[in-house]
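An overview of the molecular structure
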Amino acid sequence: MANAAVTGQELPPYLQCVPYAREVSGIDIYGDAHTWWDQAAGRFERGNVPRVGAVMAFVPHRNMRLGHVAAVARIIDSRTVLLDHANWSPINGRRGQIERGVKAIDVSPANDWSEVRVWYDPLQGLGKTAWPVNGFIYPDGNAKARPRQQFAQARPQPVRPQPTREEPSRAFLAAFSGAPEPRVARVASSPAPRVAPQSQPQQQQQRIAYARAQPLPPKRAATQRRSGDIAARAVALYD
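Cut-off values and rules
- For every chain, the first residue of its written sequence is number 1, and the numbers climb from 1 along that sequence.
- Local features in a predicted model are, by the rule used here, given only for residues with pLDDT of at least 70; side-chain atom pairs are given and counted only at 80 or more, and totals for whole chains, interfaces and linings are based on all residues.
- As a rule here, side-chain values cover all heavy atoms of the structure and leave hydrogens and water aside.
- Note on conventions: DSSP H or I runs of at least 4 residues are helices, E runs of at least 2 residues are strands, and numbering of each starts at the N terminus.
- Throughout, exposure labels follow a simple rule: accessible area from a 1.4 Å probe, protein chains only, divided by the maximum for the residue type, with under 20% read as buried, over 50% as exposed, and the rest as partly exposed.
- For two strands to pair, DSSP has to find at least two bridges joining them.
- Think of a salt bridge as a Lys or Arg side-chain nitrogen and an Asp or Glu carboxyl oxygen that are within 4 Å of each other.
- By definition, residues are in contact when any of their heavy atoms lie within 4.5 Å.
- Nitrogen and oxygen atoms within 3.5 Å of one another constitute a polar contact, given that in protein one can donate a hydrogen and the other can accept it, and given that sequence-neighbouring residues count only through two side-chain atoms.
- Here, nonpolar core refers to any group of buried Ala, Val, Leu, Ile, Met, Phe, Trp, Tyr and Cys residues whose side-chain atoms link them within 4.5 Å.
- For Phe, Tyr and Trp, rings pair up if their centres lie within 6.5 Å, where Trp contributes its six-membered ring, and each pair is then called stacked (planes under 30 degrees apart), edge-to-face (over 60) or tilted (otherwise).
- By definition, being over a ring means that NZ of Lys or CZ of Arg is both within 6 Å of the ring centre and within 35 degrees of the ring normal.

Some remarks on unusual backbone geometry
Non-glycine residue Arg62 carries a positive phi angle of around 55 degrees. Backbone geometry places Asn87, a non-glycine residue, at a positive phi of 60 degrees. For Asn87, the location among the structural elements is in the loop between strand 4 (80–86) and strand 5 (98–106).

Structure, rendered in structure tokens:
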């Protein structure tokens, strides 16, 4: 919390039991609390006898769906221990509180710590529920390292350049062999006197001149004596 205050990082809404138990016990196990017992197999010693520093691994039960883990802080007798844990009792209406030295008693018939009752702050006493427990995980100094998962990495396939052609293929040329020649737009004009044939550069310049020429203004219709000759006047406007 102090580091978060200095760096300006946002704190989680409440402290979970897993990171706290891992911090105080030194048992390097991650994941939900109900997975700790199976994860400890082959890495840490396990048993049903409490030891100081061991982690009590609870079984999911009722509304405790993800299980619970708590560190043993002190052993009172064969059926009583004191626990350090987090996110068990809501204190002053707030979840995720840390509780130190809270009482837990073994209520199992065989005294094997398979069922316990734990101090609950709102009741100011032991809770009425007998919580099932898998057992204790002991912080062994010779614990085996957690195996790392290796994922196969797909190797990128080499990109092969596509072949290119310097000239169009025969199939391409055959597909467009029957296409008609492109039509050149013609500009309407009055008939011009015949002149001698021009060379190709001069013809090309003439076509460009036609394309850029401004349209001629429409001619005014000559005054017709007959007022009803509307067609004649319309033709004269666009002649």
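Here we look at the pairing of strand 2 (residues 55–58)
Taking every second residue as pointing to the same face, both faces of strand 2 are buried, with Val55 and Ala57 on one and Met56 and Phe58 on the other. For strand 2 and strand 3 (residues 68–77), the ladder comprises 4 bridges, and the chain directions are antiparallel. Its bridge partner being in strand 3, Phe58 is matched across the sheet by His68.

Focus on the pattern of salt bridges
All told, the structure shown has 2 salt bridges when counted by the stated rule. A salt bridge links Arg51 to Glu45, with the nearest nitrogen and oxygen atoms 3.2 Å apart. Residue Arg51 is classed as partly exposed on the basis of its relative accessible area of 37%. Since its relative accessible area comes to 39%, Glu45 is described here as partly exposed. Note that Arg79 and Asp106 form a salt bridge whose closest N and O atoms lie 3.3 Å from each other. Taken as a pair, Arg79 in the loop between strand 3 and strand 4 and Asp106 in strand 5 lie far apart in primary sequence, 27 residues in all. With relative accessibility at 28%, the residue Arg79 sits in the partly exposed group.

Things to note about the environment of Ser89
Structurally, Ser89 can be placed in the loop between strand 4 and strand 5. Taking the C-alpha atoms as reference points, Ser89 and Glu99, 10 residues apart in sequence, are found 8.1 Å from one another. Apart from the residues lying within four places of it in its own chain, the contact partners of Ser89 are Arg94, Gln97, Glu99, Trp119, Tyr120, Asp121 and Pro122. Of note is the side chain of Ser89, whose polar atom sits 3.1 Å from the backbone nitrogen of Asp121.

Quick notes on the nonpolar core
The biggest cluster of nonpolar side chains holds 18 residues, and the ones touching the most others in it are Met56, Phe58, Leu83 and Val116. Residue assignment for this core shows that the elements contributing at least two residues are strand 2, strand 3, strand 4, strand 5, strand 6 (115–120) and strand 8 (131–138). The dominant element in this core, judged by the number of residues it contributes, is strand 8, at 4 residues. Ignoring sequence-local partners within four residues, the contact set of Val116 consists of Met56, Phe58, Ile105, Asp106, Val107, Thr129, Ala130, Trp131 and Val133. Among the nonpolar cores identified, the runner-up in size contains 14 residues, and Ile29, Phe44, Ala57 and Val69 belong to it.

Focus on the packing of aromatic side chains
Here the structure, examined in full by the defined rule, presents 3 aromatic pairs. Pairing Trp88 with Trp131 gives two aromatic rings, centres 5.4 Å apart and planes at 75 degrees, and the pair type is edge-to-face. Separated by 43 residues along the polypeptide, Trp88 in the loop between strand 4 and strand 5 and Trp131 in strand 8 bring together distant segments of the chain. Considered together, Trp88 and Trp131 belong to a single accessibility category, that of buried residues. The interplanar angle of 75 degrees and the centroid separation of 6.0 Å between the aromatic rings of Trp113 and Phe136 together place this pair among those described as edge-to-face. Taken as a pair, Trp113 in the loop between strand 5 and strand 6 and Phe136 in strand 8 lie far apart in primary sequence, 23 residues in all. Judged by relative accessible area, Trp113 falls into the buried class, the value being 2%. For Phe136, a relative accessible area of 0% puts it in the buried group. Members of the aromatic cluster, each reached through a chain of ring pairs, are Phe58, Trp88 and Trp131. One cation-aromatic arrangement involves Arg22 over Tyr30; the distance from NZ or CZ to the ring centre is 3.9 Å.

All quantities given are derived from atomic positions and should not be read as evidence of function.
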